Amino acid sequence: MNKINIETYKNLLRKSKQYCEEYNYTQYIYFKMFYYCFSQIFKQTKKIKQKSKNNILKINIATSGGIGDIIYRSIWIKEFTKGLKDNFEITLHILDKSKINVSKSIFYKNSYISNVVHSDDYTCNCDLAILVDNLPSIKFADMEKISDYSKDLANLLQTYMNFESDHFEFINDDISTYYVRLMLYAENNNKKLAQILDINNLLGITTNTSANICINPEYFNILEATNLYNKKYITFVYDVDCRSTLNNNVRLWSLESYEELIKLIKQKYPAIQTVQIGTQRSPLIQGIDIGLRGKTNFEELKIILKNSILHIDGECGMVHLKHYLNGTSAVLFGQTSISVKGYDNNINIKSEACRHWCEWIVSDWQTHCIRGFAEPPCLKEIKPEFVFNKIETYLDNEINKSSKEIYYRNYDKLDKIINSKITIFGKEFAEIANSLNKNNDIVIYDYEFDFSFIKYCKENNLKFEYADIYNIPSSNNSFDYFIGKNLDVYQNKEFAQKEISRILRDKGSILSIE
């Protein structure tokens, strides 16, 4: 079949299995299956009639989950789009209405996304429908049109459909069994969360692959409004995903532990401010200097988190956001896998009370310790003094960090730059890369999708990544040279310069092009 609806095939297998179990293989099964198939004919006929009829490849991508889930799934979406040509349109369908504003902020300025909507009807009016959950799942595909658009895309989708068909029982098992198997698969193959989605490594997602998190410069005034401008501060969260309750939630380190840790921090570092972010429902941590629970929108929260010197939290969405804002967190691990969900740049903290993670081993893992304890020992045994000792060296370095010496130079002597790491910001300056000595390591950043430019980079063996001038996806002290527009063109020159300085090494240079 040219027009494939893999979801219909999967539902047919599910129904067959369900009816066989319910009716003990009696003749009633035949009637139930006939009725089900008959009803699907009308549904699929309607969908085929509603498919796209123009030359634009219309793609619907659906996803859901918590903040961390949406962030690491956004990485797969970003890398997926790099294989597309021009003339496509992606509508992102957020299945959970409560996450629509957060999702719009996560995908803010992602030029390859045409629209972000709340809808669970994502298989109609499109040529391709993909559910991006723990694994990407093709729900509808007009393979004839897709093959005409791109043979490579058709081959990729066929691989995904074959994978899902070959692992049908595994993927469609109950959530507890499926998720535990998925985590074990990730651990055995040394994969992080975002890499799990990259079936057969076809998109090339690695631990260094970034999320395209952009900052809206209109909200930088939140730092002045909260008295955090030019201050050194630590952010804290006492919360879990809003889909879970706080009552009896075993994922949370105790309030008393947080409060004791804050006392230890204030004793040694009185100049460092402590800031509690998150939702209004979370209780106030006593001793906090600035309480911002429920007082910021998500754009403001990104800026506050981006500019904190450290974030302290359990393994949750804010930790993943902080990582892709190119910052560091001290993460208190309990029930979840430190090898799959921990980042190398973070201070990952775990007790020896439990030998193994227990996430989804039972369905109520977030409200009951599977070992029967009222307070799970995996977190109870993490003492405030232990956490403080883990972060003390990091905070010492932050307090004593000296300002970098950054030079501003003309870009007319590029031929003299050798054996350096260089970032070029802006696709319009890509040809400069060809005039530089081949012994240099060059990365080109731009925030816009441009098929011709991506193709140019591939043909010339140039590294390309999406980036925002206020959140460049690179670790601190990575580059010797930054080449780009004069900083005066940016809406907030100060924070653009601050971000460039972050990624430059000491005595690094900014080469501005008028």
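As the structure is a prediction and not an experimental result, all values here were calculated from the model.

Let's talk about unusual backbone geometry
So, point 1. In this model, Asn227 sits at a positive phi of 60°, which is unusual for a non-glycine residue.
So, point 2. By the secondary structure assignment, Asn227 is in the loop between helix 10 (222-225) and strand 7 (233-236).
So, point 3. Backbone geometry at Asn477 places phi at a positive 60°, although glycine is not the residue there.
So, point 4. Secondary-structure assignment places Asn477 in the loop between strand 16 (463-466) and strand 17 (479-485).

Structural notes on the packing of aromatic side chains
Think of a pair of aromatic rings as described by two things: how far the centres are apart, and how the planes are tilted against each other in angle.
So, point 1. Applying the stated criterion across every chain yields a total of 17 aromatic pairs.
So, point 2. Between the aromatic rings of Tyr269 and Phe388, the centroid separation amounts to 6.4 Å while the plane-to-plane angle is 50°, which identifies the pairing as tilted. Placement of Tyr269 in the loop between helix 11 (255-268) and strand 8 (273-276) and of Phe388 in helix 16 (residues 384-399) is noted, with a sequence separation of 119 residues between them. Each member of the pair, Tyr269 as well as Phe388, carries the same accessibility label: buried.
So, point 3. Plain terms: the ring middles of Phe453 and Phe464 are 5.2 Å apart, the flat faces sit at 90° to each other, and that makes the pair edge-to-face. Taken as a pair, Phe453 in helix 18 (residues 451-459) and Phe464 in strand 16 lie far apart in primary sequence, eleven residues in all. Both residues of the pair, Phe453 and Phe464, belong to the buried class.
So, point 4. Put simply, the rings of Tyr112, Phe453, Phe464 and Tyr466 pair up and form one aromatic cluster.
So, point 5. Its guanidinium or amino end placed over the ring of Tyr447, Lys109 lies 4.6 Å from that ring's centre, counting from NZ or CZ.
So, point 6. Directly above the aromatic system of Phe479 lies the positively charged group of Lys421, at a separation of 5.2 Å from the ring centroid.

Describing helix 16
So, point 1. Most pronounced at Ile391, the bend in helix 16 amounts to some 40°.
So, point 2. For helix 16, the full list of buried residues reads Pro384, Val387, Phe388, Ile391, Tyr394, Leu395 and Glu398.

Some words on the pairing of strand 6 (residues 136-142)
So, point 1. The buried count for strand 6 comes to seven of seven residues, which makes it a mostly enclosed element.
So, point 2. With five bridges joining them, strand 5 (residues 128-132) and strand 6 adopt antiparallel strand pairing. Bridged to Ile130 within strand 6 is Ile138.
So, point 3. Counted between consecutive antiparallel strands, the loop separating strand 5 from strand 6 contains three residues.

What about the nonpolar core?
So, point 1. Ranked by size, the top nonpolar core spans 120 residues in total, and within it Trp76, Phe80, Met318 and Ile424 carry the most contacts.
So, point 2. Considering each element in turn, this core owes the most residues, eight residues, to helix 3 (residues 67-81).
So, point 3. Ignoring any residue separated from it by four or fewer positions in sequence, one finds Phe80 in contact with Ile59, Leu128, Ile130, Leu153, Leu156 and Leu203.

Let's talk about the environment of Gly334
So, point 1. Among the structural elements, Gly334 can be located in the loop between strand 11 (329-333) and helix 14 (338-341).
So, point 2. Taking the relative accessible area as the measure of exposure, Gly334 reaches 9% and is therefore buried.
So, point 3. Sequence separation of Gly334 and Val250 is 84 residues, and the distance between their C-alpha atoms is 8.7 Å.
So, point 4. Look past the residues within four positions of Gly334 in its chain and what remains in contact with it is Cys378 and Leu379.

Some points on the pattern of salt bridges
So, point 1. In the structure shown here, the tally under the stated rule is 25 salt bridges.
So, point 2. Put simply, Glu392 and Lys268 hold a salt bridge, and the shortest N to O gap is 2.6 Å. Taken together, the positions of Glu392 in helix 16 and Lys268 in helix 11 put the pair 124 residues apart, joining distant regions of the chain.
So, point 3. For Glu392, a relative accessible area of 21% gives the class partly exposed.
So, point 4. Judged by its relative accessible area of 38%, Lys268 is partly exposed.
So, point 5. Notably, a salt bridge pairs Lys306 with Glu499, separated by 3.0 Å at the nearest N-O pair.

Details of a nonpolar patch on the surface
So, point 1. Residues Ile361, Val362 and Ile370 make up a contiguous nonpolar surface patch of about 220 Å² in total accessible area.
So, point 2. Inspection of the secondary structure puts Ile370 in the loop between strand 12 (347-350) and helix 15 (377-380).
So, point 3. Classification of Ile370 as partly exposed rests on a relative accessible area of 41%.

Points about the sheet that holds strand 16
So, point 1. Within the open sheet, the six strands sit side by side as 13-18-17-14-15-16. Their pairing is parallel. Looking at which strands have only one partner, the edges of the open sheet turn out to be strand 13 (407-409) and strand 16. Ignoring which end each strand starts from, the neighbouring axes of this sheet average 25° apart.
So, point 2. Its contacts with the sheet place helix 18 against strand 15 (441-446) and strand 16, and it is angled at close to 150° to strand 16.

Observations concerning the packing of helix 3 against helix 13 (residues 317-324)
So, point 1. Direction vectors running N to C along helix 3 and helix 13 enclose 35°, while the axes themselves pass 7 Å from each other. In this structure, helix 3 contributes Ile67, Gly68, Ile71 and Ile75 to the contact, and helix 13 contributes Gly317, Met318, His320, Leu321 and Tyr324.
So, point 2. Partitioned by chemical class, the residues of the contact of helix 3 with helix 13 number six nonpolar, three polar and no charged.

Thoughts on the state of the cysteines
So, point 1. Evaluated as defined, the whole model comprises zero disulfides.
So, point 2. In this structure Cys358 is a free cysteine whose sulfur lies 6.0 Å from that of Cys378, the closest cysteine sulfur available.
So, point 3. Residue Cys358 is classed as buried on the basis of its relative accessible area of 13%.

Focus: the packing of helix 11 against helix 16
Working note: a packed helix pair is described by the angle between its axes plus the distance between those axes.
So, point 1. Relative to each other, helix 11 and helix 16 sit at 35°, their axes nearing to 10 Å. The handedness of the crossing between helix 11 and helix 16 comes out as right-handed. Packed against helix 11, whose contacting residues are Ser257, Glu260, Leu261, Leu264, Ile265 and Lys268, the element helix 16 presents Pro384, Glu385, Val387, Phe388, Ile391, Glu392 and Asp396 at the interface.
So, point 2. The residue makeup of the contact of helix 11 with helix 16, split by class, is seven nonpolar, one polar and five charged.

Thresholds, definitions, all that
Residues numbered from 1 in each chain as written. Predicted model: local features only at pLDDT ≥ 70, side-chain atom pairs only at ≥ 80, totals over all residues. Heavy atoms only, no water. Helix = DSSP H or I, 4+ residues; strand = E, 2+ residues; numbered from the N terminus. Phe/Tyr/Trp six-rings, centres within 6.5 Å; stacked < 30°, edge-to-face > 60°. Buried < 20%, exposed > 50% of the residue type's maximum accessible area, 1.4 Å probe, protein only. Lys NZ or Arg CZ within 6 Å of the ring centre and 35° of its normal. Bend = angle between axes of the 7 residues up to and from the residue. Pairing = 2+ DSSP bridges. Core = buried A, V, L, I, M, F, W, Y, C linked by side-chain atoms within 4.5 Å. Contact = heavy atoms within 4.5 Å. Salt bridge = Lys/Arg side-chain N within 4 Å of Asp/Glu carboxyl O. Patch = residues over 30% accessible without salt bridge, like charges linked within 9 Å, V, L, I, M, F, W, Y side chains within 5 Å. Areas by Shrake-Rupley, 256 points an atom, 1.4 Å probe, with all protein chains shown as cover. Axes fitted to C-alpha atoms, helices over the stretch in contact; angles between N-to-C directions. Nonpolar A, V, L, I, M, F, W, Y, C, P; charged D, E, K, R; others polar. Disulfide = S-S within 2.5 Å. Left-handed = near helix turned anticlockwise from the far one by under 90°.

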